[in-house]
Amino acid sequence: MALTRPQTTILHVAKGKLGLDDETYRQVLVRVAGVTSSKDLDNAGFQAVMGFFDYAGFRPTGIGAPRYGNRPGMASFAQLELIRELWRELHREAEVNEEALAGWLLKYHKVHSMRFLTLDAARKVITALKAWKSRAA
């Protein structure tokens with residue numbers, strides 16, 4: 001059975017967090033799961049690759065993060081996770097301070113919670129956080 005979108009997303013987030021280039025990532029897929037692309041992974045292969053990433057030091061930050069389901073016109077789960085990750089990186093925190101993030105969203109984007117972000121608003125928030133991050137660097 002093919003992987004779900006969240007599983008594919010977490011593989012690519014782990015790849016980025018570990019700083020793997022495409023060639024190294026594909027070598028991991030071949031050696032650990034016997035496939036050349038994440039599209040060819042099954043659940044057992046996904047678990048094996050995630051086990052390797054865990055061994056290499058990857059720790060998912062989105063465990064326990066609220067999921068709001070698939071809502072047409074609203075921000076996707078991947079966008080919400082990217083917003084949380086950018087916020088965490090900007091503040092150099094191990095965990096995302098959801099209250100501080102919600103306060104920032106209210107002040108600058110007039111949204112009380114991430115669950116109310118529309119698709120376009122999420123794009124604007126991501127752009128703003130990336131710009132903030134580039135200024136901080």
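Remember, predicted model here, so these are calculated numbers, not experimental data. (Residues numbered from 1 in each chain as written. Predicted model: local features only at pLDDT ≥ 70, side-chain atom pairs only at ≥ 80, totals over all residues. Heavy atoms only, no water.)

### Observations regarding unusual backbone geometry
Short version of the rule: Put simply, DSSP marks the helices as runs of H or I at least four residues long and the strands as runs of E at least two long, and each gets a number from the N terminus on. For every residue, the accessible area obtained with a 1.4 Å probe (protein chains only) is divided by the maximum for its type, and the residue is called buried under 20%, exposed over 50%, and partly exposed between those limits.
Located in the positive-phi region is Lys110, a residue other than glycine, with phi close to 55°. On the secondary structure map, Lys110 appears in the loop between helix H5 (98-109) and helix H6 (119-136). The class for Lys110 is exposed, based on a relative accessible area of 65%.

### Some remarks on the packing of helix H4 (residues 77-91) against H6
What counts here: In this description, a line fitted to the C-alpha atoms serves as the axis of each element, helices being fitted only across the stretch in contact, and the angle between N-to-C directions of two axes falls anywhere from 0 to 180 degrees. Orientation categories follow fixed angle ranges, with anything under 35 degrees roughly parallel, anything over 145 roughly antiparallel, 65 to 115 roughly perpendicular, and all other angles oblique. By definition, turning the near helix anticlockwise from the far helix through less than a right angle yields a left-handed crossing, and turning it clockwise yields a right-handed one. The contact criterion used is simple: two residues touch if any of their non-hydrogen atoms lie within 4.5 Å.
Interhelical geometry of H4 versus H6 gives an angle of 20° and a closest axis separation of 10 Å. The orientation of H4 with respect to H6, classified from their angle, is roughly parallel. Note that H4 runs across H6; the crossing there is left-handed. Here Gln79, Leu82, Ile83, Leu86, Trp87, Glu89, Leu90 and His91 of H4 lie close against H6, whose contacting residues are Leu119, Ala122, Arg123, Val125, Ile126, Leu129, Lys130, Trp132, Lys133 and Ala136.

### What to know about the confidence of the model for the chain
For the record, the criterion: Here pLDDT means the predictor's own confidence in every residue, given as a number from 0 to 100.
Taken over all residues, the pLDDT of the chain has a mean of 86, while the share at 70 or more is 92%. Highest mean pLDDT in the chain belongs to H6 (93); lowest belongs to helix H1 (residues 5-18) (86).

### A look at a nonpolar patch on the surface
Defined as follows: Here, patches come from residues exposed beyond 30% relative accessible area and free of salt bridges, joined within 9 Å for like charges and within 5 Å for nonpolar side chains (Val, Leu, Ile, Met, Phe, Trp, Tyr). For every accessible area listed, the method is Shrake-Rupley and the probe measures 1.4 Å; residues are considered covered only by the protein chains on display. We define a salt bridge as a side-chain nitrogen of Lys or Arg found within 4 Å of a carboxyl oxygen belonging to Asp or Glu.
Residues Val32, Phe52 and Tyr55 make up a contiguous nonpolar surface patch of roughly 330 Å² in combined accessible area. By relative accessible area, Phe52 is classed as partly exposed at 33%.

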